[in-house]
Amino acid sequence: MRHPAPRRTVVLLIGAISLAEGFSLVRLPPTACGKTSTSSTSNLSAVKTSSETAPAVSSRESKANEESFDWHKQWYPVLSEKDSDPGKAHAVQLLGKDLVVWRNTEGRWSAFDDRCPHRAAPLSEGRVEKDGSLLCAYHAWRFDTDGKCLSIPQSDRGGKDETNPRACAKLYPTQVAQDMVWVWGKNGPDAVLDSVLTKPALVSALEDKKGIKSGRVVPGVVTQRDLAYSWETFWENVMDPAHVVVSHHGLMGKRSMAKPLDLEATPQPAMTKEGFVVDNNSPQFGAKQGVATFVPPALVEIATELEDGKTISLVQYNIPTRPGWSRMFNRQLTITPEVVGENKGDDNKDKKRAPSLLQLVARISPVKLKLAPNEQRAWIQHIFSHMFVHQDMPLLYHQEKIMASSGHTGAKWSDGIYTPTTSDKGIHTLRKWIKKFGSGGPPWPKGYDTSLPSRHDNPDVMWDIYEQHTKHCTACLGALKRVEQCITAAKVSTVASLTWAVLRAASAISTSILASPGTPPSNFVAAKAMLPGVLLMLASLKTTKMLGSLRRMFYVYKYVHQEHD
Ligand code: FES
Ligand SMILES: [Fe+2]
C-alpha cells in the first residue's frame, strides 16, 4: 500500500538517520492506522548493534548535557518475554498510564492505550484471536498489531467506520530485547522517530552471543515482579550496599557482618542526565571491587569483580508504574574473562556441556516434568528472588510511607534522614540525579492522585506473590500446577498407605488367630505388620506438608525479621 507523502517522508527520514546511527532497522509497519497515518505512532523493531547497547555511562557522556531528563522519551521494559503468555492480552502500567501489551500470531508485540476507541472498555480484557487480531470483549471490535480497526461487527457500511481515524487504538512503539518487551513512554506524532533514535538501556554482556553460547557469560534468568513501593525507594535500596548483610541476613551474609563501607561517586564519568557511577571500595564476600552504574530511567547494573577474575553482574530494572508501586526485572550474570585462544572449539564445548542436576532429576523423575530446562530453572530462580525481595519488603513498604507522612518527600527528603557515613553515598548520589536531571521524580499524568496510602491501610498487600508475579508467569503457573498435582498424589498416598497398614494388621491378626486358635494375638504382631504402611503414611504426610510450603511460595510469603536469628 502506498504511503501518503508526509508519512513516506518520515519513514525515509527514519531509515536514513537509523542507518547513519548504525541501527539495524528491521521493519516498520506498512501503514499507520486509518487516515491518521501522518500523525499516528507506529510499532517498530529496532535492534542495536552490540557496541551501541553497552550501558556504560562513558559512551554516552559526550552526548550528555545539562538539560533535564525527558521521562516520556525513553524505552521501558514492561514484560518478561519468556514468561508472558503470548496467547493473552496483558494489562501493564507505565508512568500512571494503563496499557495493553499483546503479541500477534506472527510474534510481533504491540502496546496500546488500554482503552477501546468504541466505548472505553479495557482492551486488556480482550482476546488474542487466531487470526492475529486483538478482539475487544465488549462488542467484538478487532484491531491489528498497528492499532488499525479491522472489523466492527455492528457496522454494515462497507468498512467506512473501520477506517475512520477515531476507530484506531492508540499505539506505542514496542520492541523485544534481552528477553524483555520494551515500550516507548509516549505515543503521538513524534514517537516513532524519537524511539528509533533512542537507545534502550541494555546490558553489554548479554550482547556477547558467542560468550553466552560458550558458557563464558551465564545470562541468568529474568524475574519480573510488581512491588508495593515506588521507583525511588527501589533504587535507594539498590544503591545501598550497606543493607545487604543486615536485611538479607541468612541469604547473603549475617547482620553481624555490618561494617563501614567506603562508597564514592566517580568523578569520571561524571554524573550527567544519562546516569552516574558509584564505586564501592570496600565490597564484601571477598570481592575486589564493586561498581554500580545507574542508567535512567530503568537500569542499575552492579558489577562485582571476584578474586578469581570472574564478575558477578546484578542487573536490576525498575519502572514506575503508579504512585507507591513499581515493576522490577532482575537477573544475575556471571562473566568469566576471555582468555586468548579460548574460543577454539567453543561450539564443541557447548555441545558436550554436562547436564545440570535439575536436568538429570527431570530425566529420572517418576513424575513427568514437562518443563524445558530453562523453565525448570526459571521458577526456582523466581522463588529465590521472592525470598530475597521479601526481606527488604517490610522495610521499604513502610519506609516511604513514613517519610511521606512526615512531609519528607521531594526537596525535603534529606530533612527526614540522618546519614553521617559514606555508606549512604549511593542514595545521596541517586537523589542528586533525581533533583538535578530527573525533575524530582517520575512524572504522573495531570490530575493523577499521587498520594501514598497510609502504611496501616492494607500492609499485607506487600506479600501477595500471586498477584504480583505468579499469575503473570507461565513458568510459575506451570510449576504451581505440577506442585498441586504432586500434593494430590501425596494425599492419595497418605490414605492408601494408612489403608494398606490397616489391611496388613488385619491380615496378620487373622493369620495369628488361625495359627493359634483361642490365643489372643499380641499387639506386637499387628504393630509389626502395620509398620511399613505407617512409615509410608508419615513420609507422605511430610511430603504433603513440604509441598504445601512450596505451594505457598507461589501465593503469599511473609518475612518477619524478628523471627530469624
Ligand atoms: S467497548 Fe470495545 S468494542 Fe465496544
Ligand atoms: Fe515465575
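The paragraphs below set out a description of the structure included in this document.

**Focus: the overall build of the protein**
And step 1. Within the protein one finds 14 helices and 21 strands.
And step 2. Contacts in the protein between residues far apart in sequence, at least 24 positions, make up 66% of those at least 6 positions apart.

**Thoughts on helix H6 (residues 231-238)**
And step 1. The element H6 is largely enclosed, with a buried count of eight among its eight residues.
And step 2. Within H6 the residues assigned to the buried category are Trp231, Glu232, Thr233, Phe234, Trp235, Glu236, Asn237 and Val238.

**Considering the sheet that holds strand E5 (residues 97-103)**
And step 1. One open sheet accounts for four strands, arranged E4-E5-E6-E11; its pairing is antiparallel. In this open sheet, the two edge strands, each paired with only one partner strand, are strand E4 (90-94) and strand E11 (171-172).
And step 2. As paired strands, E4 and E5 are joined by five bridges and run antiparallel to one another. By the bridge assignment for E5, alanine 91 is matched with valine 100.

**A word on the coordination of the iron ion (ligand 2)**
And step 1. Looking at the metal site, the iron ion (ligand 2) is ligated by His382 (ND1), His469 (NE2), Cys473 (SG) and Cys476 (SG), spaced 2.0 to 2.3 Å from it.
And step 2. Its four donor atoms give the iron ion (ligand 2) angles of 102 to 119 degrees at the centre, a pattern that matches the tetrahedral case.
And step 3. Of note, the iron ion (ligand 2) draws all its donor residues from one chain, in the sequence arrangement H-x86-H-x3-C-x2-C. Within this pair, whereas histidine 382 is found in helix H10 (residues 373-405), its partner histidine 469 is found in the loop between helix H12 (465-468) and helix H13 (474-515), the two being separated by 87 residues in sequence.
And step 4. According to the relative accessible area criterion, histidine 382 is buried, its value standing at 0%.
And step 5. Overall, the relative accessible area of 3% leaves histidine 469 in the buried class.

**What about empty space enclosed by the protein?**
Over the atoms, a rolled probe matching the size of one water molecule traces out where space is still vacant.
And step 1. All told, the structure shown has one cavity of 30 Å³ or more when counted by the stated rule.
And step 2. Reported here for the largest cavity is a volume of approximately 40 Å³.
And step 3. Ser80, Asp83, Gln224, Gln468, His469, His472 and Cys473 are the residues that line the largest cavity.
And step 4. Broken down by class, the residue content of the lining of the largest cavity amounts to one nonpolar, five polar and one charged.

**Description of the side chain of threonine 174**
And step 1. Its location among the elements puts threonine 174 in strand E12 (residues 174-177).
And step 2. In this structure the side chain of threonine 174 is engaged in a polar contact, spanning 3.4 Å, whose partner is the backbone nitrogen of alanine 111.

**Details of the packing of H13 against helix H14 (residues 523-552)**
And step 1. Put simply, H13 and H14 touch, their axes get as near as 8 Å, and they point 170 degrees apart. Judged by the inter-axis angle, H13 sits roughly antiparallel to H14.
And step 2. Here the residues of the contact of H13 with H14 sort into 22 nonpolar, nine polar and five charged.

**So, the sheet that holds strand E8 (residues 134-135)**
And step 1. The strand order across the open sheet formed by four strands is E7-E8-E9-E10, and the pairing between neighbours is antiparallel. With partners counted over all chains shown, the strands left at the sheet margins are strand E7 (127-128) and strand E10 (149-151), one partner each.
And step 2. Direction of pairing for strand E9 (residues 142-143) relative to E10: antiparallel, over a ladder of two bridges. When the bridges of E10 are listed, phenylalanine 143 appears paired with cysteine 149.

**A look at a positive patch on the surface**
And step 1. There is a patch of like positive charges on the surface, built from Lys491, Lys542, Lys545, Arg551 and Arg552.
And step 2. In terms of residues, the positive patch owes the most to one element, H14, which gives four residues.
And step 3. If you trace the backbone, arginine 551 turns up in helix H14.
And step 4. Accessibility expressed as a relative area gives 31% for arginine 551, which makes it partly exposed.

**A look at the side chain of glutamine 468**
And step 1. Its place among the elements puts glutamine 468 in helix H12.
And step 2. By relative accessible area, which is 3% here, glutamine 468 ends up buried.
And step 3. The contact partners of glutamine 468, leaving out residues within four places of it in the chain, are Gln224, Arg225, Asp226, Trp325, Val461 and Met462.

**Comments concerning unusual backbone geometry**
And step 1. Here the residue pair glutamine 268 and proline 269 is connected by a cis peptide bond, since its omega of 0 degrees sits within 30 degrees of zero.
And step 2. With respect to the secondary-structure elements, proline 269 resides in the loop between strand E16 (263-265) and strand E17 (276-280).
And step 3. The omega torsion of the bond from proline 296 to proline 297 falls at 10 degrees, within 30 degrees of zero and hence cis.
And step 4. Unusually for a residue other than glycine, serine 439 sits at a positive phi of about 55 degrees.

**What to know about the packing of aromatic side chains**
And step 1. Applying the stated criterion to the full structure yields 18 aromatic pairs.
And step 2. Judged by centre distance (6.3 Å) and plane angle (70 degrees), the rings of tryptophan 231 and phenylalanine 294 are edge-to-face. Of this pair, tryptophan 231 sits in helix H6 while phenylalanine 294 sits in strand E18 (residues 287-295), and the two are 63 residues apart along the sequence. Across this residue pair, the class does not change: tryptophan 231 and phenylalanine 294 are buried.
And step 3. Aromatic pair phenylalanine 234 and tryptophan 235: ring centres 4.8 Å apart, planes at 80 degrees, arrangement edge-to-face. Take phenylalanine 234 and tryptophan 235: they sit in the same class, and that class is buried.
And step 4. By the ring-pair criterion, three or more aromatic residues cluster together here, those being Phe69, Trp71, Trp231, Phe234, Trp235, Phe276, Phe294, Trp433 and Phe437.

The rules behind the values
Residues numbered from 1 in each chain as written. Chains lettered and ligands numbered in written order. Predicted model: local features only at pLDDT ≥ 70, side-chain atom pairs only at ≥ 80, totals over all residues. Heavy atoms only, no water. Helix = DSSP H or I, 4+ residues; strand = E, 2+ residues; numbered from the N terminus. Contact = heavy atoms within 4.5 Å. Buried < 20%, exposed > 50% of the residue type's maximum accessible area, 1.4 Å probe, protein only. Pairing = 2+ DSSP bridges. Donors = N, O, S within 2.8 Å, 3.2 Å for Na, K, Ca; no water. Tetrahedral: all angles 85-135°; square planar, octahedral: opposite > 155°, others 65-115°. 1 Å grid on protein atoms, 1.4 Å probe; cavity = no way out; pocket = protein on both sides within 12 Å on 5 of 7 lines; lining within 4 Å. Points joined across faces, edges and corners; volume = space filled by probe spheres on them. Nonpolar A, V, L, I, M, F, W, Y, C, P; charged D, E, K, R; others polar. Polar contact = N/O pair within 3.5 Å; in protein donor to acceptor, adjacent residues only side chain to side chain. Axes fitted to C-alpha atoms, helices over the stretch in contact; angles between N-to-C directions. Parallel < 35°, antiparallel > 145°, perpendicular 65-115°, else oblique. Patch = residues over 30% accessible without salt bridge, like charges linked within 9 Å, V, L, I, M, F, W, Y side chains within 5 Å. Areas by Shrake-Rupley, 256 points an atom, 1.4 Å probe, with all protein chains shown as cover. Salt bridge = Lys/Arg side-chain N within 4 Å of Asp/Glu carboxyl O. Lys, Arg positive; Asp, Glu negative; His and termini not counted. Charge placed at Lys NZ, Arg CZ, Asp CG, Glu CD. Phe/Tyr/Trp six-rings, centres within 6.5 Å; stacked < 30°, edge-to-face > 60°.

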